[in-house]
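Residue-level listing of the chains:
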Amino acid sequence: MHTEWDLAHTDYSAPPDRPAPAGLTDTEADWRQRLDLAPNGYLLRESANAMLGSLAAGHPVYLLHLTRSLDAIHSSGQLLASTGCLVGAVYGSPLTPLPGGALRPHNLGSYLLDARHALASRRDSTPLVIQVTPSCPAPPKGLDYMRLGGIHLRSYQAYRHVLTAAEDDQVLRSVVDRVRVAAPFLNMLLHNASGGTTPEESFIDALAATVPVFPYLGYLYFETVAEYLMLHSTSPATKGYADRGEMNNRLYKELAFSAVRGMGILFDLGRFDPGYRRLLELVERIEAGLTASLPRYVRRRMSHLFAATALAPGQDAATFAFHRVDLDTLADSVPHLLGQLLFREVRTIDRYPQLYHCFEQAKALEAWSYWNSERIATPFNGTCPKGEIGINPAYPDATFAVWRAETCERGLLHPVEEVAAVPAPRLVPWLVAPLRDRTEEARWMKRHLAPG
């Protein structure tokens, strides 16, 4: 178990050293070096990234947390974790203490504060300041949710018997069918990752056409473009944030909300599917001049990420093909992809709100155990150290203090009232079901089965 969770974390203080599929043109180390050479690539280093540096220093960490449940927090004395944040953490963004007691939000936090009145998911939320004082420095190791596939697969295998036979059959048939429908594009990804070259425009258009039936690709697509924007932007705002040791989160936020209708209700990257021309339009609107190298980057980076996070270690990307695959083949050759697909497919069944804790609580317990063994009190999103950070609610060697806060005209946070609450190792109830747009799900359920 520990090894699986270790492989799902990226250590930004050490060279990459994870098992990889065979036949890839680039290694993870090649990509780390390439990213490091981007205009803002130095922010991937502990010495330059303010969040990574603060974790490694072992000093008290201050986080902004927005809540719409302040009354429940007062009455229970507990801050609950969410599976929407790093498997099971209390979501936050960094704060920098200033002389006089005020705290400056990270640019991610200032975006969330600014968006409170515009986004349904943030409306009427109250800002809290949480002080986490760990007993020792933490390694700058962040969780990469793209590498959780093996853990998702193990979780499904352990708890699938809470499903009815019909539900289980529906989930498995749907996963295999999605792979068969998406096979031409999935093979294109492996072709590119193992040395082939697909024209960029046709690649991105094929990607956009495949996302509706294979939503997991939307996550990979979005993370690829978001990474590109944060690492290559040279705008004055990006430079200003970089001077404070921060990556510019507003870039990918603007991308997501411009690209997908309804993101303000439910942030669902499985619906991120702009085609070639639409992608260029979106990025040009965000920052003129960033589009020239974007298509090539998307093709190369996404093809590598897919192969590296989908295939079993040692599986040859150059020889494997997705045509006419079955569950046994998927489990043997692409177990991490199978786990990601099962994780998302189970969430589409009608009874999932009642079954949610069966599948998620055990993973959260494992994550907390791993973080405790690694002395990680404040885990962060390791797909990129951009400022998404949470609190390990089961950490035994830290003290916590919580305050309700108010903002001033300068955008700073001021603690005004101490809240008698601490993070608790429990998950919030499943709240997504009433928010989810099921249009694509309904269309998928009415499909004709792909030939076996």
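Quick note: structure is the one above.
What comes next is a walk through the structure. Just so it is clear, the structure is predicted and the values come from calculations on it, not from any experiment.

Criteria and cut-off values
Residues numbered from 1 in each chain as written. Predicted model: local features only at pLDDT ≥ 70, side-chain atom pairs only at ≥ 80, totals over all residues. Heavy atoms only, no water. Helix = DSSP H or I, 4+ residues; strand = E, 2+ residues; numbered from the N terminus. Contact = heavy atoms within 4.5 Å. Areas by Shrake-Rupley, 256 points an atom, 1.4 Å probe, with all protein chains shown as cover. Lys, Arg positive; Asp, Glu negative; His and termini not counted. Charge placed at Lys NZ, Arg CZ, Asp CG, Glu CD. Phe/Tyr/Trp six-rings, centres within 6.5 Å; stacked < 30°, edge-to-face > 60°. Buried < 20%, exposed > 50% of the residue type's maximum accessible area, 1.4 Å probe, protein only. Salt bridge = Lys/Arg side-chain N within 4 Å of Asp/Glu carboxyl O. Polar contact = N/O pair within 3.5 Å; in protein donor to acceptor, adjacent residues only side chain to side chain. Axes fitted to C-alpha atoms, helices over the stretch in contact; angles between N-to-C directions. Parallel < 35°, antiparallel > 145°, perpendicular 65-115°, else oblique. Nonpolar A, V, L, I, M, F, W, Y, C, P; charged D, E, K, R; others polar. Expected span 1.5 Å × (residues − 1). Pairing = 2+ DSSP bridges. Core = buried A, V, L, I, M, F, W, Y, C linked by side-chain atoms within 4.5 Å. Disulfide = S-S within 2.5 Å.

**Re the overall build of the protein**
For the protein, the helix and strand inventory stands at 17 helices and 11 strands. Sequence-distant contacts in the protein: of pairs separated by 6 or more residues, those separated by 24 or more amount to 76%. Taken as a whole, the protein presents about 18,600 Å² of accessible surface, with 52% of it coming from carbon and sulfur. Across the protein, 44 positive and 48 negative side-chain charges occur, with their mean positions spaced 3 Å apart.

**Re the packing of aromatic side chains**
Across all of its chains, the model carries 16 aromatic pairs by this definition. Between Phe222 and Phe267, the aromatic rings sit 6.3 Å apart at their centres with planes inclined by 85°, giving edge-to-face as the arrangement. Highlighted residues: Phe222 in helix α9 (residues 216-232) and Phe267 in the loop between α11 (250-259) and α12 (276-286), separated in sequence by 45 residues. For Phe222, a relative accessible area of 1% corresponds to the buried category. Taking the relative accessible area as the measure of exposure, Phe267 reaches 35% and is therefore partly exposed.

**Remarks on the pattern of salt bridges**
Scanning all chains against the criterion turns up 26 salt bridges. Between Arg34 and Asp26 there is a salt bridge, with its nearest N and O atoms 3.4 Å apart. Judged by its relative accessible area of 31%, Arg34 is partly exposed. On the basis of relative accessible area, Asp26 is assigned to the buried category, the value being 13%.

**Examining the side chain of Asp26**
Mapping Asp26 onto the fold places it in the loop between β1 (9-11) and α2 (28-36). Here Arg34 takes part through its side chain, which lies 3.4 Å from a polar atom of the side chain of Asp26.

**Looking at the packing of helix α13 (residues 294-310) against helix α15 (residues 335-346)**
In the contact formed by α13 and α15, the axes pass within 6 Å of each other and the chain directions differ by 95°. With respect to α15, the element α13 is oriented roughly perpendicular. Of the residues in α15, those in contact with Phe306, Thr309 and Ala310 of α13 are Pro335, His336 and Leu337. The class makeup of the residues in the contact of α13 with α15 is four nonpolar, two polar and no charged.

**So, unusual backbone geometry**
Residues other than glycine seldom take positive phi values, yet Leu86 does so here, at roughly 55°. Within the secondary structure, Leu86 sits in the loop between β3 (78-81) and β4 (90-97). For Arg375, which is not a glycine, the phi torsion comes out positive at approximately 60°. Assignment of secondary structure puts Arg375 in the loop between α16 (352-373) and β8 (389-391).

**Brief notes about the environment of Asp205**
Residue placement: Asp205 occurs in helix α8 (residues 200-210). The spacing of Asp205 and Pro274 is 69 residues in sequence and 8.0 Å in space, taken between C-alpha atoms. In contact with Asp205, not counting residues within four places along its chain, are Gly275 and Tyr276.

**A word on α9**
Across its 17 residues, α9 extends 25 Å between first and last C-alpha, which sits within 8% of the 24 Å expected from 1.5 Å per residue. For α9, a buried count of 17 out of 17 residues is recorded, marking the element as mostly surrounded by other parts of the structure.

**Quick notes on the pairing of strand β9 (residues 398-407)**
Across seven bridges, the pairing between strand β6 (residues 126-134) and β9 is antiparallel. Paired with Leu128 across the strands is Arg404, a residue of β9. Across six bridges, β9 lies against strand β10 (residues 413-419) in antiparallel orientation. The residue bridging Val402 from the neighbouring strand is Val419, located in β10.

**Considerations on the nonpolar core**
Core analysis: the largest hydrophobic core is formed by 137 residues, its most contacted members being Leu217, Phe306 and Phe322. Contacts of Phe306, omitting those with residues within four sequence positions, involve Leu186, Leu189, Leu190, Leu217, Leu220, Phe322 and Leu337.

**Section: the state of the cysteines**
By the definition in use, this model includes zero disulfides. In this structure Cys85 is not part of a disulfide, and its nearest cysteine sulfur, from Cys384, lies 16 Å away.

**Here's the deal with α11**
Where α11 is concerned, the buried positions are Leu251, Tyr252, Lys253, Leu255 and Ala256. Of the surrounding elements, those touching the buried residues of α11 are α5 (107-114), α9, α10 (236-243) and α12.

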